[in-house]
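Structural features, examined
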Amino acid sequence: MTTVDQTAPRAKRTIPGFAQLQRVGRSLMLPIASLPAAALLLRLGQPDMLGADGLGKNADWLVPVAQVLAAAGGALLDNLPILFAIGVAIGYARKSDGSTGLAAIIGYLVFTGVTKAMSPYILGKPDAVVPADVLTGVDPAALAAAQDGDYTALVQAGVAAGAGAPTQVLINYGVLGGIVIGLTAALLYQKYYRIKLPAYLAFFGGRRFVPIITAGVSVLIAVVASFVYPAFDAAFTAVGDWVTGSAVVGGFVFGTLNRLLVPFGLHHLLNSMPWFQFGDFTNAAGNVVHGDIPRFLAGDPTAGMFQAGFFPIMMFALPAAALAFVHTAKPQNRKVIAGIMGSAALVAFVTGVTEPLEFAFVYVAYPLYAIHAVLTGASLAIVNALEMRSGFGFSAGAIDFLLNWNIAENPVGIIAVGLVFAVIYYFLFRFVITKWNLKTPGREDDGVDTAALVADDASGGAASGGAATRGAGRTTSGGDTA
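Residues numbered from 1 in each chain as written. Predicted model: local features only at pLDDT ≥ 70, side-chain atom pairs only at ≥ 80, totals over all residues. Heavy atoms only, no water.

Looking at an unreviewed UniProt entry, one finds the protein chain named PTS transporter subunit EIIC and attributed to Flavimobilis rhizosphaerae. Regarding the protein chain, the relevant UniProt record gives this comment under Subcellular location (unreviewed entry): "Cell membrane". (UniProt positions renumbered as here; feature names shortened; annotations may be inferred.)

This is the structure:
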């Protein structure tokens, strides 16, 4: 009769696909890291900064400089899908190299080319301008003049009719298309980067084969995506309308889930939709931008509902929580904890990078983290209810807050909300810690190296995919801390 060793450790159960989702989340951090450059360039190039209404008012030479900077930042935002395609491909593929990025570019160009060609067949062709459109409503005197050889009025009417004619609506998957192609390029790279072809095709073997196969697969993906686009667009629009139409509920749900997913490194998956897909806005140049971050940076007055509520938490509430950790630490540990928490609080306030603080208590005091997640959702709901708006290109820290002060809606109110949350966080965290005797930093059992434990928690958080690459967030939260 065999006996089972009851003391043997049990194998850890893993959720199917969870590790892959974490890899996808981490890969999204690379393209998001490009957002600070786009946001800074675009913001400095605005009229109220270096432009005609700002410093350029007293220095004319700054006006063209502002236009150049705005164009540079706008170019990055206008091409976010390509950036995501390249970044995700390089970030997701193991042992990736330049051929991975090249395959992603080729794949995305093929994808957009095919979807553009398919658009008239899937979405229908626009109505053409016919002579009746030009002649209808034209002044009879213009018709008489045309008979005498003066076609000026008719030409003007024709131009006006043509300009007002409907244009071709294109299939547009935005950033989501870039992510899908990036993942495709990464997977094909891992499968074929060592492939060997017959001698007469050997030149195209190995890494050179990856862009070729990616182009072919991208054609198939584009064709399938084109046929499902009407259903996808209807469903996606309905979800986006619900989320943006109910700013309070949508903000609460997004803020809460955003924080709950940080320990697993999956918050970037959640952030990508509201930050880079939901909503659309046509800027002064006639370009249509999608997503809360690009729309805010492009000047959309309705944007910022998925960003503004993070400022009270990252700039005020979490530093207050750090103070609660210091005051509840054992007397002999307070000096060490004050140094660690003080630096982490300063980083959170200035830059919006909150992982060093959050990972100091997420695993050792998870009830506190659950409270933190719900309060973050509450912050977004309250700020949206009060119609306060602000945004970021890196994360919800003081740098972005001050940079976007002039285009924010009621920034003073956001500060006031932040101070209220700071008081709530300090007293609530302090009460919960002492009431439930949670082992927050500085309250560990005797013999535990407090400084080393806190450092391990913070580094472990970054390794799990929570490290911030602040882009309009980490997102965001930027890179998202948010």
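Now that the structure has been shown, the text picks up again.
What follows is about the overall build of the protein chain. When you go through the protein chain residue by residue, the secondary structure sums to 20 helices and four strands. When the accessible surface of the protein chain is summed, it comes to about 22,700 Å², and 67% of that surface belongs to carbon and sulfur atoms. (Helix = DSSP H or I, 4+ residues; strand = E, 2+ residues; numbered from the N terminus. Areas by Shrake-Rupley, 256 points an atom, 1.4 Å probe, with all protein chains shown as cover.)

Looking at the element boundaries, leucine 266 is found in the loop between helix H11 (247-261) and helix H12 (267-276). With relative accessibility at 10%, the residue leucine 266 sits in the buried group. C-alpha of leucine 266 to C-alpha of glycine 25: the two residues are 241 residues apart in sequence and 5.2 Å apart in space. (Buried < 20%, exposed > 50% of the residue type's maximum accessible area, 1.4 Å probe, protein only.)

Glancing now at the packing of helix H5 (residues 98-123) against helix H9 (residues 174-192). As a packed pair, H5 and H9 sit with axes 9 Å apart at the nearest point and diverge in direction by 135°. Looking at the two axes, H5 sits oblique to H9. Once H5 is placed against H9, the crossing between them reads as right-handed. Here Ser99, Thr100, Ala103, Ala104, Gly107, Tyr108 and Phe111 of H5 come into contact with H9, specifically with Gly174, Gly177, Gly178, Ile181, Ala185, Ala186 and Tyr189. Its residues assigned to classes, the contact of H5 with H9 shows eight nonpolar, six polar and no charged. (Axes fitted to C-alpha atoms, helices over the stretch in contact; angles between N-to-C directions. Parallel < 35°, antiparallel > 145°, perpendicular 65-115°, else oblique. Left-handed = near helix turned anticlockwise from the far one by under 90°. Contact = heavy atoms within 4.5 Å. Nonpolar A, V, L, I, M, F, W, Y, C, P; charged D, E, K, R; others polar.)

Counting across every chain of the model gives five salt bridges. With a closest N to O distance of 2.7 Å, arginine 43 and aspartate 48 form a salt bridge. By relative accessible area, aspartate 48 is classed as partly exposed at 27%. Aspartate 97 is paired through a salt bridge with arginine 207; the nearest N and O atoms lie 2.2 Å apart. (Salt bridge = Lys/Arg side-chain N within 4 Å of Asp/Glu carboxyl O.)

This part covers the packing of helix H2 (residues 35-44) against helix H3 (residues 62-78). Helix-helix packing is characterised by the crossing angle of the two axes and by the distance between the axes. It is at 7 Å that the axes of H2 and H3 come closest, and there the two elements cross at 145°. Two packed elements cross with a definite hand, and for H2 against H3 that hand is left-handed. In this structure, H2 contributes Leu35, Ala37, Ala38, Leu41, Leu42 and Leu44 to the contact, and H3 contributes Ala66, Leu69, Ala70, Ala72, Gly73, Gly74, Leu76 and Leu77. Here the residues of the contact of H2 with H3 are counted per class, giving 12 nonpolar, two polar and no charged.

Before going further, it helps to examine the packing of aromatic side chains. Scanning the entire structure with this criterion turns up 27 aromatic pairs. Centroid distance phenylalanine 359 to tyrosine 363: 6.1 Å. Interplanar angle 40°. Geometry classified as tilted. For phenylalanine 359, a relative accessible area of 1% gives the class buried. Among the aromatic residues, those joined into a cluster by ring pairs are Phe254, Trp275, Phe306, Phe310, Phe311, Phe392, Phe401 and Trp405. Note that arginine 23 overlies the ring of tyrosine 92, its terminal NZ or CZ placed 3.9 Å from the centroid. Across from the ring centre of phenylalanine 203, 4.4 Å away, lies the NZ or CZ of arginine 208, which sits over that ring. (Phe/Tyr/Trp six-rings, centres within 6.5 Å; stacked < 30°, edge-to-face > 60°. Lys NZ or Arg CZ within 6 Å of the ring centre and 35° of its normal.)

Turning our attention to the confidence of the model for the protein chain. Summarising the model, the protein chain shows a mean pLDDT of 83, and 82% of its residues fall at 70 or more. Per-residue pLDDT stays below 50 along residues 460-481; that stretch engages in 142 contacts with residues further than four places along the chain or on separate chains. (pLDDT = per-residue confidence, 0-100.)

A word on the side chain of serine 226. Within the element layout of this structure, serine 226 appears in helix H10 (residues 209-245). On the basis of relative accessibility, which here comes to 0%, the residue serine 226 falls in the buried class. The contacts of serine 226, once residues within four sequence positions are left out, are Thr115, Met118, Ile122 and Ile171.

A cluster of nonpolar side chains, namely Trp242, Val248, Val249, Phe252, Val253, Leu257, Leu260 and Val374, defines an oily patch on the protein surface of about 630 Å² accessible area. Sort the elements by how many residues they give to the nonpolar patch and H11 lands first, with six residues. Locating valine 374 in the fold gives a position in helix H17 (residues 366-385). (Patch = residues over 30% accessible without salt bridge, like charges linked within 9 Å, V, L, I, M, F, W, Y side chains within 5 Å.)

Here we come to helix H19 (residues 411-436). Here H19 is 26 residues long and its end C-alpha atoms lie 37 Å apart, about the 38 Å a rise of 1.5 Å per residue gives. Listed in full, the buried residues belonging to H19 are Pro411, Gly413, Ile414, Val417, Gly418, Phe421, Ala422, Tyr425, Tyr426, Phe429, Val432 and Ile433. Its buried side turned inward, H19 meets helix H14 (310-328), H17 and helix H18 (398-403). Phi for asparagine 437, located one or two positions after H19, is positive at around 50°. (Expected span 1.5 Å × (residues − 1).)

Non-glycine residue asparagine 410 carries a positive phi angle of around 60°. With respect to the helices, strands and loops of the structure, asparagine 410 is situated in the loop between H18 and H19. Overall, the relative accessible area of 36% leaves asparagine 410 in the partly exposed class. Phi is positive for asparagine 437, which is not a glycine, with a value near 50°. For asparagine 437, a relative accessible area of 42% translates into the label partly exposed.

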